[in-house]
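Reading the structure
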Amino acid sequence: MNGKDILILGIETSCDETAASVVKNGREVLSNIISSQIDIHTLYGGVVPEIASRKHIERINYVIEEALNKAHTALEEIDAIGVTYGPGLVGALLVGVAEAKAIAYAAGKPLVGVHHIEGHISANYIEHPDLEPPFLCLVVSGGHTHLVVVKDYGTYEVIGKTRDDAAGEAFDKVARAIGLGYPGGPKVDRLAKEGREDAIDFPRASVEHAPFDFSFSGLKSAVLNYLNMCQMKGVEINTKDIAASFQKSIVDSLTVRAMLACKEYNMKKFAIAGGVASNSAIRAAFEKECEKHKIKFYRPSPVFCTDNAAMIGTAAYYEYMAGTRHGWDLNAVPNLKLGER
Ligand code: KG4
Ligand code: ZN
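Residues numbered from 1 in each chain as written. Chains lettered and ligands numbered in written order. Predicted model: local features only at pLDDT ≥ 70, side-chain atom pairs only at ≥ 80, totals over all residues. Heavy atoms only, no water.

**Concerning helix H11 (residues 310-321)**
- For H11, with 12 residues, the first-to-last C-alpha span of 17 Å sits near the 16 Å given by 1.5 Å per residue.
- The buried count for H11 comes to 11 of 12 residues, which makes it a mostly enclosed element.
- Burial in H11 covers these residues: Ala310, Met311, Ile312, Gly313, Thr314, Ala315, Ala316, Tyr317, Tyr318, Glu319 and Tyr320.
- Glycine 323 lies just past H11 and shows a positive phi near 95°. (Helix = DSSP H or I, 4+ residues; strand = E, 2+ residues; numbered from the N terminus. Expected span 1.5 Å × (residues − 1). Buried < 20%, exposed > 50% of the residue type's maximum accessible area, 1.4 Å probe, protein only.)

Next comes the structure, spelled out in structure tokens:
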């Protein structure tokens, strides 16, 4: 290995994936191990925080060991440990933070705490060597819907966010209402392919005086009301059409704001990130819109959209290079704001 190469061990445990990764020089993923707990949480229809924490504890050591082995490296070779310390489920975050602190302390390595959303945004650097700030990024995940101006590595301005439900939350709730179960996003995505997106006229909410903010709770209520109406009137429920029409409403809300923001902030590069960014209709719509507006479109492969530790390793690399170091008092911060230290 070249002596100047920087290896980061990334650790992610903010929700229901126990993940570790080794990333070289910020952009090259040497290993990306993800132990998903989806099967267990599916039994309960959603993530059970206490179970998530326990499973992280059971798996974290093995996942890290595998990440180091797959990368053909050892802890001694690692330059810094990067770990998600917020936002997320506090008990789940604490497992990763405690583990990272223990390893960093024992091996005498620097500790770099990473914001989960910064990780999602940074996932775009992995497969796009040409991508550099500034650019606009739409982060759509289970817990977040943010429009972010990425001014520089580690420098962010949130220009819009959801006022109520996150996009992923809306997918999950609607999926549950039409009997698809957890996690809803991928299931709605699949079912929507067989439905008509103009079958039902669901609302596209906007927030007064906040052109870049989102609101999805009205859409969720509209779907529930539609289901009630069908039941009361004895109308047959076509879940394919509901999935397609609901998804189209989300796609429209996202694309309109993102393209407006690109124009307003004069951005010629646009990226998407987060679990919902793996949605096929959202990817196709942005491809089309960006081409129309002559904007270069970036999106991570689906495996780097949903929670993973490679994105944390990448984000930690840029933080590490900028001099960010955390102490042994690093704590989990469940509601950490983007840009806070
Ligand atoms: O980023 P992520 O893995 O975790 C959070 O940080 O929240 O995002 C998970 C969310 C879930 O709500 C899931 O339903 C949604 O991403 N999701 C999708 C798709 N794949 C995952 N939503 C729509 N379409 C998909 N294909
Ligand atoms: Zn996430």
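**A look at empty space enclosed by the protein**
- Applying the stated rule across the entire model yields two cavities of 30 Å³ or more.
- One number sums up the size of the second largest cavity: a volume of about 30 Å³.
- Residue lining of the second largest cavity: Glu118, Ser122, Tyr125, Asp152, Tyr153, Gly154, Tyr156, Ala315 and Tyr318, and that is the complete set.
- Looking at the lining of the second largest cavity, the elements that each hand over two or more residues are helix H4 (116-127) and H11.
- The residue makeup of the lining of the second largest cavity, split by class, is five nonpolar, two polar and two charged. (1 Å grid on protein atoms, 1.4 Å probe; cavity = no way out; pocket = protein on both sides within 12 Å on 5 of 7 lines; lining within 4 Å. Points joined across faces, edges and corners; volume = space filled by probe spheres on them. Nonpolar A, V, L, I, M, F, W, Y, C, P; charged D, E, K, R; others polar.)

**Quick word on the environment of glycine 168**
- Structurally, glycine 168 can be placed in helix H5 (residues 167-177).
- You can call glycine 168 buried: its relative accessible area is 5%.
- Along the primary structure glycine 168 and alanine 277 are separated by 109 residues, whereas in three dimensions their C-alpha atoms are 9.5 Å apart.
- When residues no more than four places from it in sequence are discounted, the contact partners of glycine 168 are Ser141, Gly142 and Val276. (Contact = heavy atoms within 4.5 Å.)

**Re the site of ligand 1**
- Around ligand 1, the structure places 19 residues, and the nearest of them are Gly142, Asp172, Asp189, Gly275 and Asn279.
- Note that an oxygen atom of ligand 1 is positioned 3.3 Å from one of the backbone N or O atoms of glycine 168.
- Contacts to ligand 1 include aspartate 307, whose backbone N or O atom sits 3.0 Å from an oxygen atom.
- Relative to its unbound accessible surface of 550 Å², ligand 1 loses 88% to contact with the protein.
- The pocket occupied by ligand 1, as judged from atoms lying within 2 Å of grid points, is the largest pocket.
- Within the residue set of the shell around ligand 1, elements represented by two or more residues are H4, H5 and helix H6 (184-192).
- A class-by-class count of the residues in the shell around ligand 1 yields four nonpolar, 12 polar and three charged. (Near = heavy atom within 4 Å. Polar contact = N/O pair within 3.5 Å; in protein donor to acceptor, adjacent residues only side chain to side chain. Areas by Shrake-Rupley, 256 points an atom, 1.4 Å probe, with all protein chains shown as cover. Sits in = over half its atoms within 2 Å of the grid points.)

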